[in-house]
Amino acid sequence: MTDVHPGCMAASICYQDQLFNREIRDLNAEGLLAWRRRFRGYLDEIVARHPPRFDIDLDAAADMLTTLVEGAIIL
């Protein structure tokens, strides 16, 4: 957003966090962490059979997969 001040996006993010109480935010966070654990389990199985050629952060890879799935749902 080079032509527009990003304030509206920042305000939206701040406002969105206030729409839910702590319990709902905790449930959302736990849901995302459950997806991370699920994908991490799949990645652990894959790595056990096919060791990677270079070091990889499997938690970061699991987070990336979670983000891809969530992004696809939104789109």
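Scope of this entry: the structure provided in the associated data block. Residue positions within a chain follow its written sequence, with the count starting from 1. With pLDDT at 70 or above as the cut-off, local features in this predicted model cover only qualifying residues; side-chain atom pairs require 80 or more to be listed or tallied, and sums for whole chains, interfaces and linings still use all residues. Only hydrogens and water are removed before side-chain values are computed, so all heavy atoms of the structure are retained for them.

## Let's talk about the overall build of the protein chain
Counting from the N terminus, the helices are the DSSP runs of H or I reaching at least four residues and the strands are the DSSP runs of E reaching at least two. Within the protein chain, the regular secondary structure consists of three helices and zero strands. Starting at the N terminus and ending at the C terminus, the protein chain contains elements arranged as α-α-α. For every residue, the accessible area (1.4 Å probe, protein chains only) is compared with the maximum for its type, and the residue is labelled buried under 20%, exposed over 50%, or partly exposed between those bounds. The burial tally for the protein chain puts 8% of its 75 residues in the buried class. Here, Shrake-Rupley sampling with a 1.4 Å probe gives the accessible areas, and only protein chains in the shown set may cover a residue. Taken as a whole, the protein chain presents about 6,600 Å² of accessible surface, with 61% of it coming from carbon and sulfur.

## Brief notes about the packing of aromatic side chains
Two aromatic rings, drawn from Phe, Tyr or Trp (for Trp, its six-membered ring), form a pair once their centres lie within 6.5 Å of each other, and the interplanar angle then sorts them: stacked below 30 degrees, edge-to-face above 60, tilted otherwise. A complete count under the given rule lists two aromatic pairs for this structure. Aromatic pair Phe39 and Tyr42: ring centres 6.4 Å apart, planes at 65°, arrangement edge-to-face. Of this pair, Phe39 and Tyr42 are both found in helix α2 (residues 22–49), three residues apart, which corresponds to roughly one turn of the helix. A relative accessible area of 12% means that Phe39 is categorised as buried.

## Concerning helix α3 (residues 58–74)
Each α-helix winds once per 3.6 residues, and so residues spaced three or four apart point in a common direction. By definition here, a helix of n residues has an expected span of 1.5 Å times n minus one. Taking 1.5 Å as the rise per residue, α3 with 17 residues should run 24 Å; its terminal C-alpha atoms sit 24 Å apart, in good agreement. Along α3, the residues classified as buried are Leu58, Ala61, Ala62 and Thr66. Taken down its axis, α3 places every buried residue within 145° of arc, on the same side. Turned more than 90 degrees from where α3 packs its buried face, Thr67, Leu68 and Ile74 sit exposed. Any two residues whose heavy atoms approach within 4.5 Å are treated as being in contact. Residues of α3 that are buried in the fold lie against α2. To obtain the arc, one takes the directions from the helix axis to the C-beta atoms.

## Some remarks on a nonpolar patch on the surface
Two distance rules govern patches: like charges are joined within 9 Å, and nonpolar side chains (Val, Leu, Ile, Met, Phe, Trp, Tyr) within 5 Å, applied only to residues with over 30% relative accessible area and no salt bridge. What counts as a salt bridge is simple: a side-chain nitrogen of Lys or Arg found within 4 Å of a carboxyl oxygen of Asp or Glu. The grouping of Tyr15, Leu19, Phe20, Ile24 and Leu27 at the surface amounts to a nonpolar patch, some 490 Å² of accessible area in total. With respect to the secondary-structure elements, Leu27 resides in helix α2. For Leu27, a relative accessible area of 55% translates into the label exposed.

## A look at the environment of Asn21
Mapped onto the secondary structure, Asn21 falls in the loop between α1 (7–18) and α2. Any pair of nitrogen or oxygen atoms within 3.5 Å is treated as a polar contact; in protein, a donor-acceptor pairing is required on top of that, and neighbouring residues in sequence qualify only through side-chain atoms on both sides. Of note is the side chain of Asn21, whose polar atom sits 3.1 Å from the backbone nitrogen of Glu23. Within the local environment of Asn21, its side chain forms a polar contact with the backbone nitrogen of Ile24, the two atoms lying 2.9 Å apart.

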